[in-house]
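Tertiary structure, described
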Amino acid sequence: MPNRRPLRIAIIGAGPGGLVLAQLLRDDRDFEVTVYERGALEIKDGPSLTGYRILMTPDLLDSLRKQLPGDVQVLLDKAIALSQPNGNRLGFMDTMCKMICRIDLPLMRNTRSVSRWKLREALLSGAGSGDLRVEFGRVFDSYKMDGCKGIKISFADGESVHCDLLVGADGAGSRVRKQLIPNSSRSSTGVTTIYFKAPFTPETEAMIPWASGIMVKAMAPRRSMVVAYYKDAVKPYGPYDLIQIDPRDSFLMIGMASYTDEFINQSKHPDDMTPEELKDECISRATHWHPLLRALLAITVPSSVFVSHIKTQDPIKLWETPELVTILGDAAHSMTPFLGQGASNAIVDAMTLAEKLKLTKGEDFEQRIIKTRLREYETSMLKRGNAAVKNSLYALDLAFALGNTPWKAWLRNWALLIWDFMMPHPVDVRQQFPGMSIYR
Ligand SMILES: Cc1cc2nc3c(=O)[nH]c(=O)nc-3n(C[C@H](O)[C@H](O)[C@H](O)COP(=O)(O)OP(=O)(O)OC[C@H]3O[C@@H](n4cnc5c(N)ncnc54)[C@H](O)[C@@H]3O)c2cc1C
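Residues numbered from 1 in each chain as written. Predicted model: local features only at pLDDT ≥ 70, side-chain atom pairs only at ≥ 80, totals over all residues.

- As recorded in an unreviewed UniProt entry, the protein goes by the name FAD-binding domain-containing protein, listed as coming from Talaromyces pinophilus.
- Quoted verbatim from the Cofactor (unreviewed entry) heading of the UniProt record, the comment on the protein is "FAD". (UniProt positions renumbered as here; feature names shortened; annotations may be inferred.)

Dropping the structure here:
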């Protein structure tokens, strides 16, 4: 049945995935795209993942940049952090800052850190002028097929709208997924990470172990600490303010992971702890750790705290009946943050889906053809997404399951040391933090 009016696409969720899809279709008059987001346009300062950073490979950044409208490209470039002069690296250390394994292959060295806050600002470009339609404060509730009117979307406030294609980009707890694939489930890993920001000044920059660029992880049996940062290209250093960090400023990011039921403070659940209690928890865990790691914890800003009880999506199989409803990003494959790949995968999904939808234009948006293109997208999205979920779980296991006893941790560290020994390492980078040594 040919349909010559624009294809009405409703995207639920204005995270990186939903907004990239909307931007890629924004200027194409064959599509009428509206994003429905439960949150507000203005995010008040305070604990919010929007203020942290994501990692992107240069290839992904380049191909995204090329496809985005010009105004978004300009803002996207401003969201990309300065890298270390010789590239970014990842290192695994023990809690006395002895380096165990250095990941500094070219792909890692070229990986870029992107401010989530500024990425969001970039991807919302055009929302004010009406080029991009985003409706905030809209809580998606359910959908149903409504004959020739299309798909009826109902919101929590009782209002409803119609569309031809519904895209669930509504994150890990996706209601769209729950209706589309009712038997899908997510599993708890039993691990909770407490994230804080700390001020980024020339002095605190000098405290980053191994001048890593991307991150270093300090691993203890049953616990780990991650140190990463975002260094703004225009204003590299922020003020030394231990009360509040402006979400636009550069920052250090410090995360402490442990099993949820092994918090030192057992007087209450982590969700009921104040930011100060969470900071005390982190400091208590590090009592016998290297003074550098303790110093980094001491300068964390309580108001920036974000607590994440880490869950992972159980693999999703392609659902039997193709529908004009699909999902992307965390809605389909939420993963542990230990590889920093969730947002990149959501963006790749959005790019793949936009490409497939553009192909349907020449075919008069015939429903059968759209469903075929969606199947192609869903097949590749699930293959890539399920694999990323699996790899991200391995990364968590490296810090936890494989380090659950001192013996296991010792064996794991030796395996990592051998890996480090086998891998080539560039000679042109600063190898150690003063006072730090290689494990062997
Ligand atoms: C602690 C932590 C650290 C992370 N670090 C990294 C990293 O370094 N690198 C990386 O690539 N990834 C990282 N991730 C993962 C990354 O945040 C996600 O993979 C990414 O945000 C997924 O994008 P998305 O657009 O699919 O979903 P989301 O970003 O979750 O966006 C979903 C949107 O949908 C909205 N929404 C939800 N339900 C409804 C509803 N019913 N109605 C309307 N709107 C709704 C939400 O408000 C939200 O805005 C991290 C995740 C966590 C938890």
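**A closer look at the overall build of the protein**
- Along its length, the protein carries 13 helices and 17 strands.
- In summary, the protein has a C-alpha radius of gyration of 23 Å against a globular reference of 22 Å for 440 residues, a match within 12%.
- Here the protein, with 440 residues, has 45% of them falling under the buried criterion. (Helix = DSSP H or I, 4+ residues; strand = E, 2+ residues; numbered from the N terminus. Rg over C-alpha atoms; globule rule 2.2 N^0.38 Å. Buried ≥ 20, exposed ≤ 12 C-beta atoms within 10 Å, placed from the backbone.)

**Brief notes about the sheet that holds strand β9 (residues 151–155)**
- If you trace the three strands from one edge of the open sheet to the other, you get β8-β9-β10, paired in antiparallel fashion. Strand pairing shows two members of the sheet lacking a second neighbour, β8 (140–145) and β10 (160–163), which therefore form its edges. Adjacent strand axes in the sheet meet at a mean angle of 25° when their direction is disregarded.
- Where β9 meets β10, four bridges bridge the pair, whose relative direction is antiparallel. Along β10, the bridge assignment pairs Ile151 with Cys163. (Pairing = 2+ DSSP bridges. Axes fitted to C-alpha atoms, helices over the stretch in contact; angles between N-to-C directions.)

**Let's talk about the domain arrangement of the protein**
- Splitting the protein by domain gives domain 1 (7–41 + 124–185 + 314–395) and domain 2 (89–113 + 188–312 + 405–422).
- Residues that form the side of domain 1 that touches domain 2 fall into these classes: four nonpolar, two polar and no charged. (Domains from an automatic or database assignment. Nonpolar A, V, L, I, M, F, W, Y, C, P; charged D, E, K, R; others polar.)

**Some remarks on helix α1 (residues 16–25)**
- Counted residue by residue, α1 has ten buried out of ten residues, so it is predominantly covered.
- Buried within α1 are the following residues: Pro16, Gly17, Gly18, Leu19, Val20, Leu21, Ala22, Gln23, Leu24 and Leu25.

**Focus on the site of the ligand**
- Surveying the vicinity of the ligand reveals 33 residues, the closest of which are Gly13, Gly15, Gly171, Gly329 and Gly342.
- Where the shell around the ligand is concerned, the elements lending two or more residues are α1, β2 (31–37), β3 (53–56), α10 (330–333) and α11 (342–361).
- Here the element with the most residues in the shell around the ligand is α11; it accounts for four residues.
- In the shell around the ligand, the residues fall into 15 nonpolar, twelve polar and six charged. (Near = placed C-beta within 6 Å.)

**Some points on the sheet that holds strand β1 (residues 7–12)**
- With respect to topology, five strands assemble into an open sheet ordered β7-β2-β1-β11-β17, the strand pairing being parallel. Strand pairing shows two members of the sheet lacking a second neighbour, β7 (133–136) and β17 (325–327), which therefore form its edges. Sheet twist, expressed as the average angle between the axes of neighbouring strands with direction ignored, equals 20°.
- With three bridges joining them, strand β11 (residues 165–168) and β17 adopt parallel strand pairing. Each residue of the ladder has a partner; that of Val167, found in β17, is Thr326.
- The strands that α1 touches are β1, β2 and β11; relative to β2, the one it contacts most, it runs at about 160°. (Contact = placed C-beta atoms within 7 Å.)

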